[in-house]
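Per-entry structural report
Residue-level listing of the chains:
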Amino acid sequence: MSDPNTAAPEPLPPVCVLGLGLIGGSLLRVLHDAGHQAFGYNRSTQTVDDAVRDGYQASSDLDATLRRAAESDAMIVLATPVTTIEPLVSAIADLAPDALLTDVISVKQEVAEIVARLHPNARYVGGHPMAGTSRSGWSATDPNLFVDAMWMVTTDDATPARDWLAVATMALATGA
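Everything numeric here is computed off the predicted structure, so don't read it as measured data.

1. Examining the pattern of salt bridges
Applying the stated criterion to the full structure yields six salt bridges. Here glutamate 86 and arginine 117 are joined by a salt bridge, their closest N and O atoms 2.8 Å apart. Placement of the pair is glutamate 86 in helix H4 (residues 85–95) and arginine 117 in helix H5 (residues 109–118), with a sequence separation of 31 residues. Of the residues examined, glutamate 86 reaches a relative accessible area of 35% and is grouped as partly exposed. The structure contains a network of salt bridges with shared partners spanning Arg29, Asp50, Arg53 and Asp54.

Structure below.
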């Protein structure tokens, strides 16, 4: 019988990061730099231009990004302030309804309530890395931001273990 503590982890699915500020941009960088398929969205074309110039896949076209996420069965990460996620969650419900959804937002209850209201059938697993700095924006991103940081991954009774494991695997892939 194999030891579950030494079993190979599930491979990380593609990751789509919505919001390329300090946390989201750092997540995109570390995953891409480690060889994982990762791409992102930001509403600011300047941020997108900076990310693309630095060698990362990013777009300011939310619909196209979410269609790509749906086609590649990507995990979607909400990485914007909680006050801005309602239109993102609505767009996910319309364009990538089957995608695994997580977040890196510091509050969990409010995010869970928004997801439940706007995308009641979402495969949502909350998360939050205990990392950051006082700086913000793409220029503040750091692929080492999560190294040795605690990353909380939440669950409830209805969460499939496979979805929780995918989010936890992503966190571990960052060095958290």
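2. Quick look at the sheet that holds strand E2 (residues 38–41)
Across the sheet, which stays open at both edges, the six strands sit in the order E3-E2-E1-E4-E5-E6 with parallel pairing between neighbours. Pairing within the sheet leaves two strands with one partner each, and these edge strands are strand E3 (58–59) and strand E6 (123–125). Pairing of strand E5 (residues 100–103) with E6, which is carried by three bridges, proceeds in the parallel orientation. Bridge pairing in E6 links threonine 102 to valine 125. Contacting strand E1 (15–18), E2, strand E4 (75–78) and E5, H4 crosses the sheet at an angle of about 165 degrees to E4.

3. Section: unusual backbone geometry
You will see that aspartate 73, though not glycine, has its phi angle at about 55 degrees, which is positive. The residue aspartate 73 is located in the loop between helix H3 (62–71) and E4 in this model. Notably, aspartate 148 is not glycine yet its phi reads approximately 65 degrees, a positive angle.

4. Quick notes on H4
In an α-helix, one full turn covers 3.6 residues, which means residues spaced three or four apart are oriented alike. Here H4 has its buried residues at Ile85, Leu88, Val89, Ala91, Ile92 and Ala93. Packing partners of the buried residues in H4 comprise E1, E2, H3, E4, E5 and H5.

5. What to know about the side chain of asparagine 42
Along the chain, asparagine 42 falls in the loop between E2 and helix H2 (45–53). The buried category is assigned to asparagine 42, whose relative accessible area is 12%. Other than its neighbours up to four places away in sequence, asparagine 42 contacts Gly19, Leu20, Gly21, Thr47, Val48, Ser59 and Ser60.

Each value, and the rule that gives it
Residues numbered from 1 in each chain as written. Predicted model: local features only at pLDDT ≥ 70, side-chain atom pairs only at ≥ 80, totals over all residues. Heavy atoms only, no water. Salt bridge = Lys/Arg side-chain N within 4 Å of Asp/Glu carboxyl O. Helix = DSSP H or I, 4+ residues; strand = E, 2+ residues; numbered from the N terminus. Buried < 20%, exposed > 50% of the residue type's maximum accessible area, 1.4 Å probe, protein only. Pairing = 2+ DSSP bridges. Contact = heavy atoms within 4.5 Å. Axes fitted to C-alpha atoms, helices over the stretch in contact; angles between N-to-C directions.

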